[in-house]
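Below are the chains, spelled out letter by letter.
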Amino acid sequence: MTPLPKIGRPATQALALVGYTQLEQLNGVSEKDLLALHGVGPKAIRILRESLAEHGLAFRP
């Protein structure tokens, strides 16, 4: 399993609160669902999207 990239403390905590602590857990998750979390913004989504792509993973379209 791959830890989440550095996306800032608020976004990391928001993801952890809903159970996302590893990058692979985000494979197939909707960007819209993540953006609905308080603390997760466009910059965090961009970083996560790039990191997922580097590992052959992706958000749900």
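Summary of the structure given here.

Basis of the calculations
- Residues numbered from 1 in each chain as written.
- Predicted model: local features only at pLDDT ≥ 70, side-chain atom pairs only at ≥ 80, totals over all residues.
- Heavy atoms only, no water.
- Helix = DSSP H or I, 4+ residues; strand = E, 2+ residues; numbered from the N terminus.
- Rg over C-alpha atoms; globule rule 2.2 N^0.38 Å.
- Buried < 20%, exposed > 50% of the residue type's maximum accessible area, 1.4 Å probe, protein only.
- Contact = heavy atoms within 4.5 Å.
- Core = buried A, V, L, I, M, F, W, Y, C linked by side-chain atoms within 4.5 Å.
- Arc of directions from axis to C-beta.

## Remarks on the overall build of the protein
Piece 1. When helices and strands are counted, the protein shows three helices and zero strands.
Piece 2. A compact globule built from 61 residues would reach a C-alpha radius of gyration of about 10 Å, and the protein, at 10 Å, matches this within 12%.
Piece 3. Projected onto the principal axes, the alpha-carbon positions of the protein cover approximately 25 × 25 × 20 Å.
Piece 4. Counting across all 61 residues of the protein, residues that qualify as buried make up 31%.
Piece 5. Of all intrachain contacts in the protein linking residues separated by at least 6 positions in sequence, the fraction that spans at least 24 positions is 51%.

## Thoughts on the nonpolar core
Piece 1. Residues Ile7, Leu15, Leu26, Leu34, Val40, Leu48 and Phe59 are the most contacted members of the largest nonpolar core, which totals 17 residues.
Piece 2. Looking at this core, the elements with two or more residues in it are helix H1 (9-17) and helix H3 (42-54).
Piece 3. Per element, the largest residue contribution to this core is five residues, and it comes from H3.
Piece 4. Those residues in contact with leucine 48 that sit more than four places away from it in its chain are Leu4, Pro5, Ile7, Leu15, Leu23, Leu26 and Phe59.

## Structural notes on H1
Piece 1. What H1 keeps buried is the set Ala11, Ala14 and Leu15. Seen along its axis, H1 keeps its buried residues to an arc of 95 degrees; they face one direction. With respect to the buried face of H1, the exposed residues turned more than 90 degrees away are Arg9 and Leu17.
Piece 2. Summarising the contacts, the buried residues of H1 are in contact with helix H2 (31-35) and H3.
Piece 3. Where H1 terminates, the next one or two residues include glycine 19, which has phi positive at roughly 100 degrees.

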